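Spelled out from the first residue to the last, the chains are:
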Amino acid sequence: MSYRIKLEQFEGPLDLLLHLVVKSEMDIYDIQIAQITAQYLDYLSLMKAHQLDVAGEFLVMAATLLHIKSRTLLPASPRDEENDEGVDPRAELVQRLLEYRRYKEGAEKLEAYPQLNRDVFIRPEQSMQEEGPSEAVPADLNDSPVSLFELVEALRRVLQDKPPPAPHTIISSPWSVEQGMRLLRRRLNGEEYVSFEQCFSGVTGRSEVIVVFIAMLELVKLGQLRLVQLNPQGTIYLYPQPELHSDRCVAALAPHSCEEL
Amino acid sequence: MPDLKARIEALLFASDQPLRFDRLLSLLEADTESLRNALQQLQHEYYHPGRGIVLQEVAGGFQLRTRPEYAPWVLKLTRSRALRLSRAATETLAVVAYRQPITRAEVEYLRGVDSGGVLRALMEKQLVRCVGKKDVPGRPLLYGTGQKFLELFGLKGLSDLPQLSEFAGDEDLALSMELDFDHAE
Amino acid sequence: MPDLKARIEALLFASDQPLRFDRLLSLLEADTESLRNALQQLQHEYYHPGRGIVLQEVAGGFQLRTRPEYAPWVLKLTRSRALRLSRAATETLAVVAYRQPITRAEVEYLRGVDSGGVLRALMEKQLVRCVGKKDVPGRPLLYGTGQKFLELFGLKGLSDLPQLSEFAGDEDLALSMELDFDHAE
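The shown structure was predicted, so the numbers you read here are calculated from the model rather than taken from an experiment.

Undergrad: I would appreciate a short explanation of unusual backbone geometry in the present structure.
TA: Excluding glycine, most residues fall at negative phi; most peptide bonds, likewise, are trans. The omega torsion across B:Q100 and B:P101 is -5°, close enough to zero to call that bond cis. With a phi angle near 55°, A:E25 is a residue other than glycine that sits in the positive phi range. Mapped onto the elements of the fold, A:E25 is located in the loop between helix 1 (13-23) and helix 2 (33-49). With a relative accessible area of 72%, A:E25 lands in the exposed category.

Structure representation (structure tokens):
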């Protein structure tokens, strides 16, 4: 290899092609496709010789170059001329290179601008500054710089922190709410009142507690139970109402209600 | 060093705490005499009724500070500063946005922490609203995003909300996430 | 208001982000004309070789920043390494900045390489953000630059971007690109 190219300095196939065109002092509007294809393929074999991974994009470009080369070599068929009106097979490539060159130049110009935290600095957060209470939500939403990306990132965080779902996280209670209601009826039978805690005595398992609690709320809703709290933070008492043991209600419940009662 | 004063000014401006004389000395590689002169000159220039900042000797060092008489305006500024949505708020909003309609219990299951306060704050800002009741015992409230949510993120509608998989560079992760999500319920 | 200039200086000094003209206006309860004059005067005073700070118009607001020539000393002070964007990042940022709103597929067509990872990194730095969805089948996300991009390069706005060289056939290209993308997506 007579020319030395610093390997890995190209951002992609367009970057490499542009480099080859400039180096060969070619007119970008009139690329010598055979010559540039040969140089391009040489470079790829150089990369392989250095055991560098040749990214797929480089290979796609090689195929594109070979295809253009073959089309420039073939005499245009009469049908082609009718359809394409003799479009230069290099046209798209040339336009992509021109466009790429513009953005590369733009990037170089931007790179030369004074950059924050590289060339210029603003006031840092003051270590002694007292901070106001951090509100959950900003006062002025329109100024709050939250991007959709951050929203999605937040969701990702929530899901990532979640342990993989294990069978035990699925609430598959052996009890139904009806059974919970039966349990409460049994506990309250003949009592004037029962404390909240007493209702749950002997109820083991999180899901069972939840079922009993839901049953309690259902009974309150049906007007069969009253919850009374005498003092703030004090004990809550359940007062059974006459309807609790009425036949009508029992009958309306699950058909197997007799088994346990 | 003709621009010693300018260098001191740049350093004091960029520092998050008072800078001691010897620290400035070593940073600027100046001699004691010129540094003292330059500091005095700078202090003198700042000590001028037309200025909003002063160069103060404080805690054994030098620091630029706003003038006390402008404290009311500075306070107004910092109070009205656009606070960012807190992490908790952003997380809760994300869960509600993507899983609506959702109950508070479901939000808390996904986040693993109590979310009542954050939900309330988000509702006050109309980012989240109540959209109904879930048809299960207890009929818990269902939450969804409100009008302000779309405005804040510049969305035409909820269908404009990007999915996890749509963001560049994390296709594999996104897929496994979507699956996890369905297990949560 | 005789000390309007001083108040502006105090506010700019105390702010952690560029302050917009209308924000200053409401904070200071000044009239447009005097505020504009005071700002100009202040900018003029800072624009002086003996100063270490400049008053710059950036990202639609005003901000005090150290002068670029004093970067080596500030870096020594903060003991931090200068923040550098990789070439791939700068190139991708340039494509997004000049062509926004743009889809990931379009970025990749223009750069000729996969750009998912770079786009993601730029979004994490808030230099690039999602600005909507393209109205074509599949509704791909559209990317644009954010406020932080303007702040990073000290640009007043997008119209402040460096001028790109023109070339013949520009319009044809735009057309052919549109067609290509409809196939690609």
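Undergrad: Got a minute to help me understand the side chain of B:T103 in this structure?
TA: Among the secondary structure elements, B:T103 is positioned in strand 4 (residues 102-103). Not counting residues within four places of it along the chain, the set of residues in contact with B:T103 comprises B:K134, B:P140, B:L141, B:L142 and B:Y143.

Undergrad: Please explain helix 3 (residues 32-46) of chain B as it appears in this structure.
TA: Structurally, the α-helix is built with 3.6 residues per turn, so residues lying three or four positions apart point the same way. With 15 residues, helix 3 of chain B should reach 21 Å at 1.5 Å per residue; the first-to-last C-alpha distance of 21 Å fits that figure. Buried positions along helix 3 of chain B lie against helix 1 (4-14), helix 2 (21-28), strand 2 (53-58) and strand 3 (61-66) of chain B together with strand 2 (53-58) of chain C.

Undergrad: Explain a nonpolar patch on the surface to me, please; I cannot follow it from the model alone.
TA: Residues and elements named next belong to chain A. Judged by side-chain polarity, F213, L217, V220 and L227 come together as a nonpolar surface patch covering roughly 290 Å² of accessible area. Among the elements that make up the nonpolar patch, the one with the highest residue count is helix 9 (residues 206-221) (three residues). Tracing the backbone through its elements, the reader meets L217 in helix 9.

Undergrad: Is there a simple way to explain the interface of chain C and chain A in this structure?
TA: For an interface, size is often stated in terms of accessible area lost upon the parts coming together. On the side of chain A, 40 residues touch chain C, which itself brings 55 residues to the contact. Summed over both sides, the interface between chain C and chain A buries roughly 4400 Å², with carbon and sulfur atoms accounting for 58% of that surface. In this structure, the connection of chain C to chain A is made through three salt bridges. Between chain C and chain A we count 13 residue pairs in polar contact (both at pLDDT 80 or more) in total. For the side of chain C that touches chain A, the element with the highest residue contribution is helix 5 (residues 87-99) of chain C, accounting for eight residues.

Undergrad: Please explain the sheet that holds strand 1 (residues 194-195) of chain A as it appears in this structure.
TA: One key point about sheets: their strands pair by backbone hydrogen bonds, in either a parallel or an antiparallel sense. Residue and element names in this part refer to chain A. The strand order across the open sheet built from three strands is 1-3-2, with neighbouring strands paired in antiparallel fashion. The two strands at the open ends of the sheet, each matched to only one other strand, are strand 1 and strand 2 (225-229). Where strand 2 and strand 3 (residues 236-240) come together, five bridges link them in antiparallel fashion. Bridge pairing in strand 3 places L227 opposite L238.

Scoring rules and cut-offs
Residues numbered from 1 in each chain as written. Chains lettered and ligands numbered in written order. Predicted model: local features only at pLDDT ≥ 70, side-chain atom pairs only at ≥ 80, totals over all residues. Heavy atoms only, no water. Helix = DSSP H or I, 4+ residues; strand = E, 2+ residues; numbered from the N terminus. Buried < 20%, exposed > 50% of the residue type's maximum accessible area, 1.4 Å probe, protein only. Contact = heavy atoms within 4.5 Å. Expected span 1.5 Å × (residues − 1). Patch = residues over 30% accessible without salt bridge, like charges linked within 9 Å, V, L, I, M, F, W, Y side chains within 5 Å. Areas by Shrake-Rupley, 256 points an atom, 1.4 Å probe, with all protein chains shown as cover. Salt bridge = Lys/Arg side-chain N within 4 Å of Asp/Glu carboxyl O. Buried area = accessible area lost by both parts, 1.4 Å probe. Polar contact = N/O pair within 3.5 Å; in protein donor to acceptor, adjacent residues only side chain to side chain. Pairing = 2+ DSSP bridges.

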